[in-house]
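Next come the chains, spelled out residue by residue.
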Amino acid sequence: MRVEPLTDTSFAAFGALIRHPGGSERHYLPAVLATPLPDARPALWIHPVKPAQWPLRIDKLERHPHGAQSFMPLGSGHALVVVCGKDAEGMPDPKALRAFLCPPATGFTYHPGVWHHGLTSIDAAIDFVVVMAAHGVTGETDWFSLPTAITIEHRDLP
Ligand SMILES: NC(=O)N[C@@H](O)C(=O)O
């Protein structure tokens, strides 16, 4: 499947990009802690992201219905962000799978409930700071196995 450049517009249905627009003003990121739960609190951890083994096999998706989840790289390198649109029942629609190439020094936020594949990198292992609106009870993550795995080849990159 084709891998698209990650831009504010192309990713808008799934989340938002994290990068400073320039200047010295604070640039708040309201999407980062979006949650439908009044008692959610921010959780933060470091997520080591492994480089993709090509072809990359996409067979399992996850979502976090109760809070947004954001990733900000601690190093440089390109990450591969794979998300999936939903069917009428809110489950992943394999025809709506999208893959994006995240440029270096750019983070991103998944909106609450967005189906996504575990983050992989293109170049080398990258540590990401993860911030998630969490409430610490069960149901933080839903999993879905795709009926047919989808593969991404290195040649599919933009
Ligand atoms: N996306 C990813 O790599 N993992 C996260 O969704 C997570 O919950 O750790």
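The preceding data block contains the structure.
These numbers come from a predicted model, not from an experiment.

How each quantity is defined
Residues numbered from 1 in each chain as written. Predicted model: local features only at pLDDT ≥ 70, side-chain atom pairs only at ≥ 80, totals over all residues. Heavy atoms only, no water. Helix = DSSP H or I, 4+ residues; strand = E, 2+ residues; numbered from the N terminus. Polar contact = N/O pair within 3.5 Å; in protein donor to acceptor, adjacent residues only side chain to side chain. Contact = heavy atoms within 4.5 Å. Near = heavy atom within 4 Å. Areas by Shrake-Rupley, 256 points an atom, 1.4 Å probe, with all protein chains shown as cover. Nonpolar A, V, L, I, M, F, W, Y, C, P; charged D, E, K, R; others polar. Pairing = 2+ DSSP bridges. Axes fitted to C-alpha atoms, helices over the stretch in contact; angles between N-to-C directions.

K.L.:
Could you give an account of the side chain of serine 70, with specific residues and numbers?
P.N.:
Structurally, serine 70 can be placed in strand 5 (residues 69-73). Within polar-contact distance, the side chain of serine 70 engages the side chain of threonine 109 at 2.6 Å. The residues touching serine 70, leaving out its near neighbours within four places in the chain, are Ile18, Val32, Phe108, Thr109, Val129, Val130 and Val131.

K.L.:
Got a sec to walk through the site of the ligand? Specific residues and values, please.
P.N.:
The ligand sits among His47, Glu62, His64, Gln69, Phe71, His116, His117, Gly118 and Leu119. With respect to the ligand, the side chain of histidine 116 contributes an N or O atom lying 2.9 Å from an oxygen atom. Between the ligand and leucine 119, the relevant distance is 2.8 Å, taken from an oxygen atom to a main-chain nitrogen or oxygen of the residue. Out of a free accessible area of 260 Å², the ligand has 85% covered by protein chains. Considering only residue class, the shell around the ligand consists of two nonpolar, six polar and one charged.

K.L.:
How would you explain the sheet that holds strand 3 (residues 41-49) if you had to name every residue and give the values?
P.N.:
The strands that make up a sheet pair up through hydrogen bonds in the backbone, lying either parallel or antiparallel. The five strands lie next to each other as 2-8-5-11-3, forming an open sheet whose pairing is antiparallel. Strands with a single pairing partner mark the edges of an open sheet, and in this sheet they are strand 2 (15-18) and strand 3. Adjacent strand axes in the sheet meet at a mean angle of 20° when their direction is disregarded.

Any functional reading would require information beyond the geometric quantities listed.
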